Structure formats: structure tokens, C-alpha cells
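Listed below are the residues making up each chain.
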Amino acid sequence: MIFNFRIVSDEVDNFKREIQIDADATFLDLRNAICDSVGYDKGQFSSFFLCEDGWERNQEICLEDMGSDSSEDVYLMEDTPLSDFIEDDGQRMVWVFDYMTDRSFFIEMKNSIPGKSLKDPLCTISMGDAPSQFIDLDDFDAKIDAKAAQAAASTDLDDEFYGSTEFNEDEFDAAGFDEMTFDE
């Protein structure tokens, strides 16, 4: 079976890759195919996360075992076939390629082709330039600060949003609070 994955970025609007890969290939094979398609250094730490419909991250499949103390199983990319976790069209994943700034690609399995196989992964669609694999932390902080300032400026919160600052004792009495006693 062949899986067809679509890969997009929230950093670059016109960026898209589609990769076809055999279902028996490993997550490491998929990572290498992505790196080849965007020109990224394969020596950098990264992880895949299986996601729910809302892109909420669940199970992690990592490049290396970092000595996790948890009781959860550790899945390594080189030992984990795609078919162990990818079952249906629409399965979503996130591939975190920059842990310092939590930058990632969003991946969705668009369709599968039963009865076929591929020896090597194949990039079938390559649109736009990928975001830089590495980002200057000062530039990243400046972008975050600019987005926060823009969000704050676009939000007009007035006194009505926060409610009245005046205390009206009758409101509490009407709710029956005057009859309540509180133990200290």
C-alpha cells in the first residue's frame, strides 16, 4: 500500500509538499523524504506527533530515545513502520523540526493506494519555498512580540467587558447570601 501525505506550514502560505511513501516504510524514511524535499539537515533532532482532528498532539514518535522516565512506550522513527499508526485517510500528524521554537509542519494522509508499493519515497508536489530550518532567536522573539502587540491593539476591551467595578450589596442579599454563614 502507498500512503500519500500532504505537508503544509503555518509560516509560509504557498508552501506545500506531497510525498508518496510505502506503508511499510518507517517514520525515519518519511522524515528523510521530507528533509530531502525541503533541503533540511537530517542531523537535527525532530519528532512526529499523531494528532486529533484539531491538531492536538498525542503519541510522539521521536528520532532518539531521550531517556524518558514515564511509563509510556517510546517509539523511535527508525523502528516504527508508518502502517503501525497510520490507518485512515485524513490521519493528521505534526512533524516538529525545530524544538527551540516549536516550529513544525502539518501533515495529513490524503489517501492510500492499495495493492501498490514503492521502493523509495517520492515527492510528487513541490510548491513554494520551505521556511528556514533554523531561525534567529532574536528575530523569533521580535515576531512573537509583534504578533502579541497586534493582537492587543486589535482587541478593544472597555469597562463593559470587565463588568462594573461598583459593589452593590443588594445584589448579594437578593441571591440569599445575607442568610448564609461562613465558618472560619
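Report follows, based on the coordinates. (Residues numbered from 1 in each chain as written. Predicted model: local features only at pLDDT ≥ 70, side-chain atom pairs only at ≥ 80, totals over all residues. Heavy atoms only, no water.)

1. Description of the overall build of the protein chain
Threshold: Runs of E in the DSSP output that reach at least two residues are strands. Runs of H or I that reach at least four are helices, and both are numbered from the N terminus. Only protein chains enter the area calculation, which uses a 1.4 Å probe; residues under 20% of their type maximum are buried, those over 50% are exposed, and those in between are partly exposed. In what follows, residue pairs with any heavy atoms lying within 4.5 Å of each other are defined as contacts. Residue-level accessible areas treat just the shown protein chains as cover; the underlying method is Shrake-Rupley with a 1.4 Å probe.
A tally of helices and strands in the protein chain yields four helices and eight strands. Classification of the 184 residues of the protein chain by burial places 33% in the buried group. For the protein chain, restricting intrachain contacts to residue pairs at least 6 apart in sequence, the fraction spanning at least 24 positions comes to 61%. Carbon and sulfur atoms make up 45% of the accessible area of the protein chain, which totals about 12,100 Å².

2. Observations regarding the pattern of salt bridges
Note on pairing: side chains with opposite charge can pair once their charged atoms come close. What counts is decided by this rule: Salt bridges are counted wherever a side-chain nitrogen of Lys or Arg sits within 4 Å of a carboxyl oxygen of Asp or Glu.
Here the structure, examined in full by the defined rule, presents five salt bridges. A salt bridge links glutamate 18 to arginine 6, with the shortest nitrogen-to-oxygen separation between them at 2.6 Å. Separated by 12 residues along the polypeptide, glutamate 18 in strand β2 (residues 16-22) and arginine 6 in strand β1 (residues 2-9) bring together distant segments of the chain. Residue classification places arginine 6 among the partly exposed residues on the basis of a relative accessible area of 28%.

3. Some words on the environment of cysteine 62
By secondary structure assignment, the location of cysteine 62 is in strand β4 (residues 57-62). Spatially, the C-alpha atoms of cysteine 62 and valine 96 are 9.7 Å apart, while their sequence positions differ by 34 residues. Those residues in contact with cysteine 62 that sit more than four places away from it in its chain are Phe45, Ser46, Ser47, Val74, Tyr75, Leu76 and Met77.

4. Regarding the nonpolar core
What counts, and what does not: In these notes, a set of buried Ala, Val, Leu, Ile, Met, Phe, Trp, Tyr and Cys residues joined through side-chain atoms within 4.5 Å is what counts as a nonpolar core.
Ranked by size, the top nonpolar core spans 31 residues in total, and within it Phe5, Phe48 and Trp95 carry the most contacts. Listing elements by their share of this core, those giving two or more residues are β1, β2, α1 (27-38), β3 (47-51), β6 (92-98) and β7 (103-113). If you tally residues by element for this core, the top one is α1, at seven residues. Those residues in contact with phenylalanine 5 that sit more than four places away from it in its chain are Arg17, Glu18, Ile19, Ile21, Leu30, Leu82, Ile86, Met93, Ile107, Glu108 and Met109. Membership of the second largest hydrophobic core comes to five residues, among which are Cys51, Val94, Val96 and Phe106.

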